[in-house]
Amino acid sequence: MPRWLPRALVLALALVGVFQLGSWAFHQLTGLLVNILIAFFLALAIEPAVSWMASRGLRRGLATALVFFAVIIVSAGFVTLLGSMLAGQIIKIVEDFPNYLDSVINWINAHFHTELRRVDVQEGLLKSDWLRNYVQNSATGVLDVSAQVLGGLFQLLTITLFSFYFAADGPRLRRALCSVLPPAKQAEVLRAWEIAVIKTGGYLYSRGLMALISGIAHYILLEILDVPYAPVLAVWVGLVSQFIPTIGTYLAGALPMLIAFTVDPWYALWVLIFVVVYQQFENYVLQPKLTAKTVDIHPAVAFGSVIAGTALLGAVGALIAIPAVATLQAFLGAYVKRYDVTDDPRVHGHRERGRGMFARARELWIRPPEQPGRKPPEGTGGSGGSGGGAK
C-alpha cells in the first residue's frame, strides 16, 4: 500500500464530513440568512432618510430610531383602523346573513318552483358532516395558529433589530468591510454600496408614489359609490397592491369588493371593473414612467426577476428581486465596454428594400445560372485568343 493512500482516504472523509456539516448548518440557518437579507434591503431603503438627518447634525442612531418610530406609528395606526373596520363589517355581515339567506331562498323558490325554508337550510347546515369536521379541525389548529403568530412576531423583531443595526452602523460596517480589501477593491465595494442604496431607495419611493396614486383613485371611486370606510380601504388597496408582488392586486381588490357587496351587489361588480382597468393603466402607462427614472429596468427583466426570486425565496424573493437586479445591472453596466452601433437598417428592424424572398426568386428566374465548362464568347479578350498569336 502506498504511504499517501491512508492520508488521502482520511482527507477525503474529512472533506465529506465538512461538506455535510456545512450543508446541515446552511439548511438550519436559512431562515436567519433570509431575515438578514430582508433587513439589509430595509436598511438600504431608509439609508437616504437617515443620511439626510445625520448630515443636519443628528446622530445616526437617533435618526434611525426616529425613522423606525415613524414607520411603527403609521403601521400600527393602519392596522388598528383596518382591524376595527373588518370587525365592524364582519358583525354587520353576520347580523344581515338571515336577510341575505331569505332573499336567496325566495329567488330559488320563485325560479325553480321549490319550497325551501330557512329553518330546513339551517338544520341541514348544523347537522352536516362538513361543518362538524371544520369545527374539529379549527379547534385542533388553534395551537398551530398561535405558534405561527408567535414565530411571525419573533421574525419581525429579528428583521427590525438587524435593519436598525445596519442603518445606524452603516459607516462602521463599510469601514470594517473595506479594511480587509486593497484600495482598488475598496472603491468598487463603496460604489456598489452606493448604487444599491440609490436603486433600493428609488424602488421603494416609486412604489410609495404609485401606492399614493392608487389609493387616491380608489378612494374617489369608493366615495362615489358611498362605500363605508373608504379612506381605510383606499390605503389598503394602495399598499397591498404595490408592496405584495404577484398576488397583491387580487388581495387588495378583494376587500373593497366584499365591503361594497354588503352595500349593493352591483357595487362589487363596479369595483372589480375599476380594479382591472386601473391595473392595466398602471402596468402600461404609470409604472414604466415612474420606474424608468428610479429603477431603470426593462419590464421583461423585472418580470423574470420576480419569477426567479419567487422560486428561490418565495414572497420575500419576489419583493427584493427588482432592486437586487437593478443594482446588479447598474453595477455591471459601468464595467461593460460599449461600442457605437453601425447605421444599418437591420438594427432598427427594417429589411433591405428589394431583397426579400420574392425579389431573390425573381432575380434567379430572370438571370439563369452559368453552365459549368461553357467557353466565353469570342472577342471577349479571353486568355490565349487567336488575335495575338504567331505570325
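From a predicted model like this one, the values you see are computed outputs, not experimental measurements.

### Digging into the overall build of the protein chain
The helix and strand inventory of the protein chain stands at 14 helices and 0 strands. Ordering the α and β elements of the protein chain from the N terminus gives α-α-α-α-α-α-α-α-α-α-α-α-α-α. Each of the 391 residues in the protein chain was classed as buried or not, and the buried ones make up 26%. In the protein chain, of all internal contacts separated by at least 6 residues, the share reaching a separation of at least 24 is 64%.

### Focus on the pattern of salt bridges
Evaluated as defined, the whole model comprises 1 salt bridge. Salt-bridge contacts for Glu47 lead to Arg60; the nearest nitrogen and oxygen are separated by 3.1 Å. Linking Glu47 in helix H2 (residues 30-55) with Arg60 in helix H3 (residues 60-112), this pair joins segments that are 13 residues apart in sequence. Arg60 shares its class with Glu47; the two are buried.

### A few points about the side chain of Gln242
Tracing the backbone shows Gln242 in helix H9 (residues 230-243). Owing to a relative accessible area of 3%, Gln242 belongs among the buried residues under this scheme. A polar side-chain atom of Gln242 sits 3.0 Å from a polar atom in the side chain of Arg207. Excluding residues within four positions of it along the chain, Gln242 makes contact with Arg207, Met210, Ala211, Ser214 and Glu282.

### Let's talk about the confidence of the model for the protein chain
Looking at the protein chain, pLDDT values average 76 and 75% of them are 70 or higher. At the low end of the mean pLDDT range in the protein chain sits helix H14 (residues 357-366), at 60; at the high end sits helix H1 (residues 4-28), at 89. Of the regions scoring below 50 in pLDDT, residues 379-391 engages in 0 contacts with residues more than four places distant in sequence or in other chains.

### A look at the packing of aromatic side chains
Inspection of the entire model under this criterion finds 8 aromatic pairs. Here Phe40 and Trp193 contribute two aromatic rings whose centre-to-centre distance is 5.6 Å and whose plane-to-plane angle is 90°, an arrangement assigned as edge-to-face. With Phe40 in helix H2 and Trp193 in helix H8 (residues 183-224), this residue pair connects regions lying 153 residues apart in the sequence. These aromatic residues form a ring-pair network of at least three members: Phe40, Phe41, Phe162, Phe166 and Trp193.

### Some points on H1
Taking 1.5 Å per residue as the helical rise, H1 with its 25 residues ought to reach 36 Å, and the 36 Å between its terminal C-alpha atoms agrees with that figure. Buried residues are scarce in H1, accounting for 0 of its 25 residues.

### Notes on the nonpolar core
In terms of nonpolar packing, the biggest core is built from 19 residues, with Leu82, Val227, Leu233, Trp236, Leu255 and Val271 touching the most fellow members. If you list the elements that add at least two residues to this core, you get H3, H8, H9, helix H10 (248-263) and helix H11 (265-294). Not counting chain neighbours up to four residues away, the residues in contact with Leu233 comprise Met85, Leu222, Val227, Pro228, Leu255, Pro256 and Ile259. Counting 13 residues, the second largest nonpolar core, distinct from the first, contains Ile38, Ile46, Ala63 and Ala167.

### Some points on a nonpolar patch on the surface
A surface patch of nonpolar side chains, amounting to about 640 Å² of accessible area, comprises Leu209, Leu212, Ile213, Ile216, Tyr219, Ile220 and Ile224. The class for Ile220 is partly exposed, based on a relative accessible area of 46%.

### Describing the environment of Val34
By the secondary structure assignment, Val34 is in helix H2. Distance in space between the C-alpha atoms of Val34 and Ile159 is 9.3 Å, their sequence separation being 125 residues. Leaving out residues up to four positions away in the same chain, Val34 has contacts with Leu313 and Val316.

### Some points on H10
In this model, H10 (16 residues) spans 24 Å end to end at C-alpha, consistent with the 22 Å of a helix rising 1.5 Å per residue. For H10, every residue scored as buried is listed here: Gly248, Thr249, Ala252, Gly253, Leu255, Pro256, Ile259, Ala260 and Thr262.

### Considering the packing of helix H7 (residues 170-178) against H8
Between H7 and H8, the shortest axis-to-axis distance is 10 Å and the interhelical angle comes to 150°. When the axes of H7 and H8 are compared, the pair comes out roughly antiparallel. Classified by chirality, the crossing of H8 by H7 is right-handed. Of H8, the residues touching H7 (which contributes Leu173, Arg174, Leu177 and Cys178) are Gln186, Val189, Leu190 and Trp193. Looking at the contact of H7 with H8 residue by residue, the classes come out as 6 nonpolar, 1 polar and 1 charged.

### Looking at the packing of H8 against H9
Between two packed helices, both the angle of their axes relative to each other and the distance between the axes serve to describe the pair. Between H8 and H9, the least distance of the axes is 7 Å, while the angle of their chain directions is 145°. Our pair here, H8 against H9, has a crossing hand that is right-handed. The residues of H9 that touch H8, namely those facing Leu204, Arg207, Gly208, Met210, Ala211, Ser214, Gly215, His218, Tyr219, Leu222 and Glu223, are Ala230, Pro231, Leu233, Ala234, Val237, Gly238, Leu239, Ser241, Gln242 and Phe243.

### Some details on the environment of Gly31
Along the chain, the position of Gly31 falls in helix H2. Residue Gly31 is classed as partly exposed on the basis of its relative accessible area, which comes to 41%. Along the sequence, Gly31 and Gln155 sit 124 residues apart, while their C-alpha atoms lie 8.9 Å from each other.

Conventions we followed
- Along every chain, residues carry numbers that run from 1 in the direction the sequence is written.
- Under the rules for a predicted model, residues below a pLDDT of 70 receive no local features and side-chain atom pairs below 80 are neither given nor counted, while totals for whole chains, interfaces and linings still include all residues.
- Where side-chain values are given, they derive from all heavy atoms of the structure, hydrogens and water being excluded.
- Strands here mean DSSP runs of E at least two residues long; helices mean DSSP runs of H or I at least four residues long; both are numbered from the N terminus.
- Per-residue accessibility, obtained with a 1.4 Å probe over protein chains only, is compared with the maximum for each type, and a residue is labelled buried under 20%, exposed over 50%, and partly exposed between these values.
- Two residues form a contact once any of their heavy atoms are found within 4.5 Å.
- Salt bridges are defined as contacts in which a side-chain nitrogen from Lys or Arg sits within 4 Å of a carboxyl oxygen from Asp or Glu.
- In protein, a polar contact means a hydrogen-donor-capable atom and an acceptor-capable atom, both N or O and within 3.5 Å, with residues adjacent in sequence counting only if both atoms are side-chain atoms; elsewhere, any N or O pair within 3.5 Å suffices.
- pLDDT runs from 0 to 100 and stands for how confident the predictor is about each residue.
- Ring pairs are drawn from Phe, Tyr and Trp, using the six-membered ring of Trp, whenever the two centres fall within 6.5 Å, and their geometry is named by plane angle: stacked under 30 degrees, edge-to-face over 60, tilted for the rest.
- Take the residue count of a helix, subtract one, and multiply by 1.5 Å to get its expected span.
- Each nonpolar core is a collection of buried residues, namely Ala, Val, Leu, Ile, Met, Phe, Trp, Tyr and Cys, held together in the definition by side-chain atoms within 4.5 Å.
- A patch consists of residues exposed above 30% relative accessible area that lack any salt bridge, with like charges linked at up to 9 Å and nonpolar side chains (Val, Leu, Ile, Met, Phe, Trp, Tyr) linked at up to 5 Å.
- Throughout, the Shrake-Rupley method with a 1.4 Å probe supplies accessible areas, and for residues the shown protein chains are the sole cover considered.
- Between N-to-C directions, angles cover 0 to 180 degrees, with each direction set by a line fitted to C-alpha atoms, over the stretch in contact for helices.
- Under this scheme an angle from 65 to 115 degrees is roughly perpendicular, one under 35 degrees roughly parallel, and one over 145 degrees roughly antiparallel; angles in between are oblique.
- A clockwise turn of the near helix away from the far one marks a right-handed crossing, whereas an anticlockwise turn of less than a right angle marks a left-handed crossing.
- By the convention adopted, Pro, Cys, Tyr, Trp, Phe, Met, Ile, Leu, Val and Ala count as nonpolar, Lys, Arg, Asp and Glu as charged, and the other residues, Gly among them, as polar.

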